[in-house]
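# A look at the structure
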Amino acid sequence: DQGRAEINFKTGEAKLIDDEDHALGHGICMWIAFSFLLVSGILVSRYGKTFAPTRWLLAHIGLHFLALIFASAGLGIAFVHFDEPLESSHGQLGLVICIALICQILAGGFLRPDKSVPKSKKRFMWEIGHKGVGSAIVVMALVNVFTGLLLEGEGDEGGEHSLFLGLHVGWILFIVVTICIFEFLFRGRLKSDETLDDLGDQMHQEMDDRKIVTNDDIGSKRGTSIIASGEPQVEAIGGSIVINQNGDRVAHV
């Protein structure tokens, strides 16, 4: 017979490592990856613009990279310590979910089209695909947690696996309630955030074609708007001169 043992070299004590320890480690890694970190990343992408309009994307990316690290650890435990990990539907679905997560992160990082005003068809299709695949991964992962707990809990009547099942159900209910609360609290603002994004992109696109000279360079004289070229009229901000790429003064306030 073969087995694994844990030896404390300080005390000389040794004990056999139960396979349940590996199953618990695998389950914890996968639960943290998909039920907590991945869900948190999606919630940040949905509601983060309200709280951190300039940092939500970094938080979104960071949470999903952490999810990938924990998922890789859980997958490694399964392949190293479990006998025929892909024999069950739980293992097969888990592998599909992990591959989908990797593809999702790569698509988000390398296939993300630039924003444009109006929004391009390519960007529109990418957003639908990215959000749809991400949501599908979360749903499949939450379901696969149940299959894993049921698989590991066979023959365990009323034991700790029943407790874990109840806790997972409670977590899913917590997610649903949280989404409902956020949707209620921020109704109307979510669409406004998307509109502000588009307006902000348009503003930056227009500013790329102009040079702003502030009062520090030209003084604080306040006058009226002057159109000196064929460029569209621009509303200048107090005490500023807006100059186009040709060097023509467009406005002075």
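## Regarding the pattern of salt bridges
Per the counting criterion, the structure on display carries three salt bridges. Ionic pairing is found between R46 and E183, a salt bridge with its closest N-O pair at 3.0 Å. Of this pair, R46 sits in helix 1 (residues 19-51) while E183 is found in helix 5 (residues 160-185), placing the two residues 137 residues apart along the sequence. Since its relative accessible area comes to 28%, E183 is described here as partly exposed.

## Quick notes on helix 3 (residues 89-110)
Taking 1.5 Å as the rise per residue, helix 3 with 22 residues should run 32 Å; its terminal C-alpha atoms sit 31 Å apart, in good agreement. Looking only at helix 3, the buried set comprises H90, G91, G94, I97, C98, A100, L101, Q104, I105, A107 and G108.

## Description of the side chain of H168
Relative to the helices and strands, H168 is located in helix 5. For H168, a relative accessible area of 2% corresponds to the buried category. At 3.0 Å, the side chain of H168 forms a polar contact with the backbone oxygen of L142. Filtering out sequence-adjacent residues up to four positions away, H168 remains in contact with W31, S35, L142, V145 and F146.

## Digging into the packing of aromatic side chains
Scanning the entire structure with this criterion turns up seven aromatic pairs. Seen from their ring centres, F36 and W171 are 6.2 Å apart, and the 45 degrees between their planes marks the pair as tilted. Within this pair, whereas F36 is found in helix 1, its partner W171 is found in helix 5, the two being separated by 135 residues in sequence. You can call F36 partly exposed: its relative accessible area is 37%.

## Some points on the environment of G25
By the element assignment, G25 lies in helix 1. Judged by relative accessible area, G25 falls into the partly exposed class, the value being 21%. Considering only alpha carbons, one finds G25 and G74, 49 residues apart in sequence, at a separation of 7.2 Å.

## Regarding a nonpolar patch on the surface
Together, I102, L106, F110 and L111 line one region of the surface with nonpolar side chains, adding up to about 450 Å² of accessible area. As for its placement among the helices and strands, I102 is situated in helix 3.

Rules of the game
- Residues numbered from 1 in each chain as written.
- Predicted model: local features only at pLDDT ≥ 70, side-chain atom pairs only at ≥ 80, totals over all residues.
- Heavy atoms only, no water.
- Salt bridge = Lys/Arg side-chain N within 4 Å of Asp/Glu carboxyl O.
- Helix = DSSP H or I, 4+ residues; strand = E, 2+ residues; numbered from the N terminus.
- Buried < 20%, exposed > 50% of the residue type's maximum accessible area, 1.4 Å probe, protein only.
- Expected span 1.5 Å × (residues − 1).
- Polar contact = N/O pair within 3.5 Å; in protein donor to acceptor, adjacent residues only side chain to side chain.
- Contact = heavy atoms within 4.5 Å.
- Phe/Tyr/Trp six-rings, centres within 6.5 Å; stacked < 30°, edge-to-face > 60°.
- Patch = residues over 30% accessible without salt bridge, like charges linked within 9 Å, V, L, I, M, F, W, Y side chains within 5 Å.
- Areas by Shrake-Rupley, 256 points an atom, 1.4 Å probe, with all protein chains shown as cover.

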